[in-house]
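Spelled out, the chains give:
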Amino acid sequence: MCGIVGYIGPRAAAPLLVEGLRNLEYRGYDSAGVALLDGGTLSVRKRVGRLSNLEDALATEPASGRLGIGHTRWATHGEPSEANSHPHLDSRNRIAVVHNGIIENYAELREELKARGHVFRSETDTEVIPRLIEEELRAAPGDFAEALRRAIGRLRGAFALGVITADAPEALFAVREGSPLIVGLGEGETFIASDVPAVLRHVRRAIYLRDGEMAEITPDRVRVRRLDGTEVRPDTQNVDLNPEAAERAGFETFMLKEIHEQPRVIRQLLKTYVGPDDRPRFESLGLSPDYFQILRRVMIVSCGTAYHAGIYGRLLFENLTGLAAEADLGSEFRYRGPRIEKDTLVIAVSQSGETADTLASVRLARRKKCKILSICNVRGSSLARESDAVLFTDAGPEIGVASTKAYTAQLTSFALLAIHVGLLREELDPARAAELIAGLRAVPDAIHYVLDRKEAIRAVADKHHSGPSSMYLGRKFNFPTALEGALKNKEISYQHAEGYAAGELKHGPIALINEYLPVVCVCTRTRDEVYEKTLSNLKEVEARHGRIIAVANDGDTTVAGLAEDTLYVPEVPEELSPIVNVVTLQLLAYYAAQARGTDIDKPRNLAKSVTVE
Ligand code: M6R
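All values reported here derive from a predicted model rather than from experimental measurement.

A look at helix H5 (residues 144-152)
For H5, a buried count of eight out of nine residues is recorded, marking the element as mostly surrounded by other parts of the structure. Buried residues belonging to H5 abut strand E6 (95-103), helix H4 (128-139), strand E7 (157-165), strand E8 (172-177), strand E12 (213-218) and strand E13 (221-226). Sitting at the amino-terminal end of H5 is aspartate 143, which places a side-chain oxygen 3.2 Å from the backbone nitrogen of alanine 145.

If you want it as structure tokens, here you go:
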């Protein structure tokens, strides 16, 4: 999605804005622009395509100023073009605005402004904003912050704004209403950004603006007000991300680095959430043991990869806690008229904590008086703040657009949580719980085993990547693994891929099988009641000459005898096998993408954080 950065301080703003935008590239964009103020002179540069195009424009035609705003745009209203790129200006070219999110009532505002003589230069919803401010300023000249506040009062939707104006050339304005924005505090300089990595190198403390707040930033002060005009004390927090963590650390892509970080992330989660008695400890969640006794149902909501984690969570809750559990997509949940009451715990899963559909589901659940527990990777995110309890996955910044380490961290979190609730409710035998905790402790090494075999995975990807399509199969705990493997493949290699529950094969998808179709099948066997059944599914594929790529346990000659290629993984308890098996599928997708020559960290059309519905 779009990215915002802004700067005010003693240094030249343009290079800092471009650096910030570069750090936000991973969010996905199709054009970029900056606006700088030098005294009363406002300069704007915009370019379609890569950020380097904007850099070239700034090199050819420099823009000076120690105050500025920048933006990477991911088109929603109007095609990617210079006219539609941000910043957008008022009719006098004195106010510049960058915007993330959507203005829902822009069409009516546009008509109103047109009737007052405004001639719009873009097709965007954003352009109404500088023009509304201009109108407010015309009605009551003088106080720009007031005019801005009144103009915002006319907007409906979810948005974050950065604003500068030649009418107040010593101030940077920031507004948050439903879309994330922070004010980053450096040494004698201040930044704004839609995401902390944009300004990580320069700030150690940040104000996480809340919805309905605006900041007026001058060189020596940050003044935060609610949009109703009341002053608020800014909520300043330490920024605890290590800048080095956001670097690639020698890996060719962020995605490959993040795949390799998974053993460390899981070890850290175990360290945080397993007590010295080898049982999960979740006192910090703030949900009392009694609460889990009265609970009747768990409803998990999430999107994309996090939805696949949700399906896994549902299976674990059903198997280990005796609770009824459901998993739904954030984008569907709110429209299906969910029958949830206060005895339902809603678990929202999100790497970013800013996914609009997941947030909307959480807000609906809150109106229905449910408690919200989130499994989230970003401290200070909207989801974390709107939840009653948060299980932080603390996987570190995930920069690759395709989610990897956040996913296995979500699975591990679900495993710990379900064991915890199962023990509390006396539905899970303590001896089995101890086996599962021991199994979790073995997972990081099992993932290392897979990582060590990446050349074998690469060879299989090289062999099968060129076809138009592929199919992924798995059952029970590894049904979400199949869905996630297919999603990874289509996201980064652009090869069409479908994930199915293997038992569904004969209900339709079997028609696709021929001697060209790669069929990736997860068929690991530990204590697995569906192992034999999955073998039967493999035989159905073999009989139709499908090209089977199996993920199997070490030494499984039965599966290897059916498959064209077998990728081996170590045995771990059935319930935990998805955390290991998916790493093979992440790497398979990765090397297929590499062979197909795609932009792995920034796949086309995708955004890291989907902050619009
Ligand atoms: O930040 P979230 O976990 O809420 O994001 C949800 C999805 O948008 C995300 O998982 C998406 O599917 C990724 N591109 C998956 O790789």
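This is not the end of the story, as more comes after the structure.
Brief notes about unusual backbone geometry
Look at the link from histidine 86 to proline 87: it is a cis peptide, with omega at 0°. Along the chain, the position of proline 87 falls in the loop between strand E4 (67-73) and strand E5 (88-89). With a phi angle near 45°, aspartate 394 is a residue other than glycine that sits in the positive phi range. Looking at the element boundaries, aspartate 394 is found in the loop between strand E20 (389-392) and helix H13 (405-424). With a relative accessible area of 33%, aspartate 394 lands in the partly exposed category.

Quick look at the site of the ligand
If you check the shell around the ligand, you find 14 residues, and the closest are Ser350, Gln351, Ser352, Thr355 and Glu491. Take glutamine 351: an N or O atom from its main chain is 2.6 Å from an oxygen atom of the ligand. Taking lysine 488, its side chain carries an N or O atom lying 3.1 Å from an oxygen atom of the ligand. With three residues, helix H9 (residues 304-320) is the single largest residue contributor to the shell around the ligand.

Some words on the packing of aromatic side chains
Evaluation of the coordinates by the stated rule reveals seven aromatic pairs. Over the face of the ring belonging to tyrosine 449 we find arginine 453, whose NZ or CZ atom lies 3.6 Å from the ring centre.

Regarding the domain arrangement of the chain
Interface extent is often summarised as the accessible area lost during association of the parts. Domain annotation of the chain identifies domain 1 (3-246), domain 2 (248-448) and domain 3 (453-598). Taken over C-alpha atoms, the centre of domain 1 sits 45 Å from the centre of domain 3.

A short note on the pattern of salt bridges
Summed over the entire model, instances satisfying the criterion amount to 50 salt bridges. For glutamate 61, the salt bridge is made with arginine 45, and the minimal N-O distance between the two is 3.9 Å. Within this pair, whereas glutamate 61 is found in the loop between helix H2 (51-60) and E4, its partner arginine 45 is found in strand E3 (residues 41-48), the two being separated by 16 residues in sequence. Judged by relative accessible area, which is 45%, glutamate 61 ranks as partly exposed. Since its relative accessible area comes to 13%, arginine 45 is described here as buried. Among the salt bridges present, the one from glutamate 564 reaches arginine 547, with a minimum N-O distance of 2.8 Å. With glutamate 564 in the loop between helix H18 (557-562) and strand E25 (565-569) and arginine 547 in strand E24 (residues 547-553), this pair connects stretches of sequence that are 17 residues apart. Relative accessible area serves as the criterion here: at 35%, glutamate 564 is assigned to the partly exposed category. Arginine 547 sits in the partly exposed class, given a relative accessible area of 24%. A single salt-bridge network, built from bridges that share partners, covers Glu136, Glu146, Arg149, Arg150, Glu216, Arg223, Arg225 and Glu231.

A few points about the environment of serine 31
Topologically, serine 31 is positioned in strand E2 (residues 31-38). Assessed through its relative accessible area of 0%, serine 31 is described here as buried. With sequence-adjacent residues up to four places away left out, serine 31 is seen in contact with Arg47, Val48, Gly49, His71, Thr72, Arg73 and Ser85. At 3.3 Å, the side chain of serine 31 and the side chain of aspartate 30 are in polar contact.

Here we look at the packing of helix H7 (residues 262-273) against helix H14 (residues 430-452)
For the pair H7 and H14, interaxial distance at closest approach is 9 Å and the crossing angle is 175°. Considering the angle they form, H7 stands roughly antiparallel to H14. On H14, the residues that touch Gln262, Pro263, Ile266, Arg267 and Leu270 of H7 are Leu440, Arg441, Val443, Pro444, Asp445, Ile447, His448 and Leu451. Residue composition of the contact of H7 with H14, grouped by class: eight nonpolar, two polar and three charged.

Focus on the pairing of E24
Within a regular beta strand, the side chains point alternately toward one face of the sheet and then the other, so they alternate between its two faces. With six of seven residues buried, E24 lies mostly within the body of the structure. As defined by bridge partners, strand E23 (residues 518-522) adjoins E24 across five bridges and the pair is classed as parallel. Bridge assignment links valine 520 to a residue of E24, and that residue is isoleucine 549. Strand direction decides the pairing type here: E24 and E25, joined by five bridges, are parallel. Residue alanine 550 lies in a different strand from E25, and its bridge partner there is threonine 566.

Quick notes on the nonpolar core
Nonpolar side chains tend to gather and get buried jointly when the protein is soluble and globular. Formed by 107 residues in total, the largest nonpolar core has its most connected members in Phe317, Ile347 and Phe414. At twelve residues, the largest contribution of residues to this core is made by helix H19 (residues 577-596). Built from parts of two domains, this core gets at least three residues from each of domain 2 (248-448) and domain 3 (453-598). Leaving out residues up to four positions away in the same chain, phenylalanine 414 has contacts with Ile300, Ala309, Gly310, Tyr312, Gly313, Leu316, Phe317, Ile347, Val349 and Ile375. Ranked by size, the runner-up nonpolar core spans 28 residues in total, among them Leu24, Leu51, Val199 and Val203.

Rules and cut-offs
- Residues numbered from 1 in each chain as written.
- Predicted model: local features only at pLDDT ≥ 70, side-chain atom pairs only at ≥ 80, totals over all residues.
- Heavy atoms only, no water.
- Buried < 20%, exposed > 50% of the residue type's maximum accessible area, 1.4 Å probe, protein only.
- Helix = DSSP H or I, 4+ residues; strand = E, 2+ residues; numbered from the N terminus.
- Contact = heavy atoms within 4.5 Å.
- Polar contact = N/O pair within 3.5 Å; in protein donor to acceptor, adjacent residues only side chain to side chain.
- Near = heavy atom within 4 Å.
- Phe/Tyr/Trp six-rings, centres within 6.5 Å; stacked < 30°, edge-to-face > 60°.
- Lys NZ or Arg CZ within 6 Å of the ring centre and 35° of its normal.
- Domains from an automatic or database assignment.
- Salt bridge = Lys/Arg side-chain N within 4 Å of Asp/Glu carboxyl O.
- Axes fitted to C-alpha atoms, helices over the stretch in contact; angles between N-to-C directions.
- Parallel < 35°, antiparallel > 145°, perpendicular 65-115°, else oblique.
- Nonpolar A, V, L, I, M, F, W, Y, C, P; charged D, E, K, R; others polar.
- Pairing = 2+ DSSP bridges.
- Core = buried A, V, L, I, M, F, W, Y, C linked by side-chain atoms within 4.5 Å.

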